[in-house]
There are 2 protein chains.
Amino acid sequence: MNFTEFKNKWTSVIDEYLATHLKEDIDDKQISQIMSYSVMAGGKRLRPLLFLATINSLGKEIGPKEIQISCGIELIHTYSLIHDDLPAMDNDDYRRGMLTSHRKWGEAEAILAGDALLPLGIQWIAEGSNSIALVKIITAAIGANGMVGGQYLDIDSTNNQAVADNEKLIDRMEWLKTGCLIEACVEMGAVYAEADEQSKAKLLAFAKDFGRSYQIYDDLVDITETSQEAGKKTHKDQESGKNNTLTVLGVEKSRQELLRLTIHAKSTLVGLNGLILAGFLDLYQKVL
Amino acid sequence: MNFTEFKNKWTSVIDEYLATHLKEDIDDKQISQIMSYSVMAGGKRLRPLLFLATINSLGKEIGPKEIQISCGIELIHTYSLIHDDLPAMDNDDYRRGMLTSHRKWGEAEAILAGDALLPLGIQWIAEGSNSIALVKIITAAIGANGMVGGQYLDIDSTNNQAVADNEKLIDRMEWLKTGCLIEACVEMGAVYAEADEQSKAKLLAFAKDFGRSYQIYDDLVDITETSQEAGKKTHKDQESGKNNTLTVLGVEKSRQELLRLTIHAKSTLVGLNGLILAGFLDLYQKVL
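Residues numbered from 1 in each chain as written. Chains lettered and ligands numbered in written order. Predicted model: local features only at pLDDT ≥ 70, side-chain atom pairs only at ≥ 80, totals over all residues. Heavy atoms only, no water.

Moving on to the interface of chain B and chain A. Contacts between the two partners involve 44 residues from chain B, matched on the other side by 44 residues from chain A. The junction of chain B with chain A conceals about 3,800 Å² of combined surface from both sides, 68% of it contributed by carbon and sulfur atoms. Here chain B and chain A share zero salt bridges between them. Along the contact surface separating chain B from chain A lie eight residue pairs in polar contact (both at pLDDT 80 or more). For the side of chain B that touches chain A, the elements supplying multiple residues, two or more each, are α2 (29–39), α4 (64–84), α6 (107–129), α7 (132–142) and α8 (147–157) of chain B. Among the elements that take part in the side of chain B that touches chain A, α6(B) stands out by supplying 13 residues, more than any other. (Contact = heavy atoms within 4.5 Å. Buried area = accessible area lost by both parts, 1.4 Å probe. Salt bridge = Lys/Arg side-chain N within 4 Å of Asp/Glu carboxyl O. Polar contact = N/O pair within 3.5 Å; in protein donor to acceptor, adjacent residues only side chain to side chain. Helix = DSSP H or I, 4+ residues; strand = E, 2+ residues; numbered from the N terminus.)

Turning chain B through 180 degrees and shifting it by 0.0 Å along the axis lays it on chain A, with an RMSD of 0.0 Å. Viewed as a symmetry operation, the transformation between the two copies matches a two-fold axis. Proximity to the rotation axis, assessed at the C-alpha, singles out B:Ile132 in chain B; its C-alpha lies 2.7 Å from the axis. A share of 100% of the interface residues of chain B reappears at the interface of chain A, consistent with the copies meeting face to face through the same patch. (Least-squares fit on C-alpha atoms with pLDDT ≥ 70 in both.)

Quick look at the packing of helix α6 (residues 107–129) of chain A against α7(B) now. Running from N to C, α6(A) and α7(B) point in directions that differ by 150 degrees, and their axes come no closer than 9 Å. Taken together, the axes of α6(A) and α7(B) are roughly antiparallel relative to one another. α7(B) is crossed by α6(A), and the crossing has left-handed handedness. Contacts between α6(A) and α7(B) involve A:Pro119, A:Ile122, A:Gln123, A:Ala126 and A:Glu127 on the former and, on the latter, B:Ile132, B:Val135, B:Lys136, B:Thr139, B:Ala140 and B:Ile142. Its residues assigned to classes, the contact of α6(A) with α7(B) shows seven nonpolar, two polar and two charged. (Axes fitted to C-alpha atoms, helices over the stretch in contact; angles between N-to-C directions. Parallel < 35°, antiparallel > 145°, perpendicular 65-115°, else oblique. Left-handed = near helix turned anticlockwise from the far one by under 90°. Nonpolar A, V, L, I, M, F, W, Y, C, P; charged D, E, K, R; others polar.)

Residue and element names in this part refer to chain B. With respect to the element layout, serine 199 can be found in helix α11 (residues 197–224). Residue serine 199 is classed as buried on the basis of its relative accessible area of 12%. Not counting the four nearest positions on each side in its chain, serine 199 is found in contact with Leu58 and Leu272. (Buried < 20%, exposed > 50% of the residue type's maximum accessible area, 1.4 Å probe, protein only.)

In this section: the pattern of salt bridges. If you walk through the whole model with that rule in mind, you get 22 salt bridges over all chains. One salt bridge in this structure joins B:Asp154 and B:Lys177, with 2.6 Å as the shortest N-O distance. Separated by 23 residues along the polypeptide, B:Asp154 in helix α8 and B:Lys177 in helix α10 (residues 167–192) bring together distant segments of the chain. Here the salt bridges do not stand alone but share partners, grouping A:Asp15, A:Arg45 and A:Glu74 into one network.

With that settled, the discussion passes to the side chain of A:Thr245. All names here are of chain A. Its place among the elements puts threonine 245 in helix α14 (residues 245–268). Judged by relative accessible area, which is 4%, threonine 245 ranks as buried. At a separation of 3.3 Å, a polar atom in the side chain of threonine 245 contacts the side chain of arginine 212. For threonine 245, the contacting residues outside a window of four places in its chain are Ile170, Asp171, Glu174, Arg212, Ile216, Asp219, Gly250 and Ser254.

Dropping the structure here:
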């Protein structure tokens, strides 16, 4: 099976699991609907697929429990998007071509939908894996020393000229904001599928490159795509005073860095059954 | 050791653990400070003490791991307060005699401090207990079918006259909002200390009564205390159109219900080593 076949096969399974369980497992139908609205808004399911591709590379079968874990990751990712879009944060009206949660349902509702998705995501990871190690990995990745810490640095650095040339701080912010959760998908996969130390080290090296490159890719999409293509407001980072790798390096050097990371990421997979993982890097072709 | 001695002994240990680890374990000193501000604002540490009293009643020693679990619960409780106080929710300026998080640090900062405390709380519970069962209990208790679901019903029912006389719906809202987390403290304690089935059933019955009565107590405090005594704005539920047991039953019947629950809660402890747990009910004396 190649990357596209893998992606197509499991994306529909993930989508169905999410739709079914957000509907059936939540008592209150209104909050269930608000949570589902954002989760089912058509994400690429990149993070759950990355977890599944990691365990697949280690020869582990994918069944309902593995799907539950992967969907738990998607819930957490969705919570982070809902909160990032809030008026007090990035104040976005559209995401994936649809009104953002607070614009559609109200601000309190959006905050609470995020607050409900976060623990449900961890619950699904715990139930699917029965592994305390996975719970430790995910909670560390999304807290103050991970994703939320990155978002904090982001709001703290926006429109801050002192930060604009601080490449190291921007690297750290982008890693925490996006890289940590991506790395956690791969690390959880490696631990769950009981990878040997050597394979785990290679997978984590791949995750580091992929996580770092993904943020550069996302920034490049922001300036190279039209709003319609991206389903959200683009060219927004510059307008809103955001500092990122792109504003530090410029477009051409960012592309070069993305290409370098892509090549390096592929090299980390040598000796692994990493065909499908390598396929994730092809995503970047459209901005290279 | 009686309840007061137990409370005094462990409250200072809890406070020190929280202060030390929020400072030392979080890389970014600014977000660490914002998280600490609310956690160290002088809560009663009721929920961590309840967990510790439960394991104590089952003969389990209290050491650093048990303190870490109990403090994880307090982080989660604090996150819920920070988000409840937000402008889009209850819009409170003061809590425990201090400015609320968003009034002190800004709205984005308060949302993110909550978003960081939640996973850190689960992480501490996971690290302290190494128990996937405890992770499942806490995540279920604080999600859409628990605490956040209660908060959703609360904002949805505020100023809603159709709800004002719906005692059943108000009961459910109050149980989810407050009772679920209190029950989880006791259930986690029972599972962690490996209670036999009979003791566990008694403890859970106690937790149901205590959780239900605590919300009534909290509503009574709102009308019987002055703002200065309570450290936050009081008489606010009525002004803001909140529906709760008090607005349905009135003060006298609420007091009677609280007294009835207190007596019943004590009866559930018969046959257990429950002297300290029973002491929690004395908290209610000041409104009875």
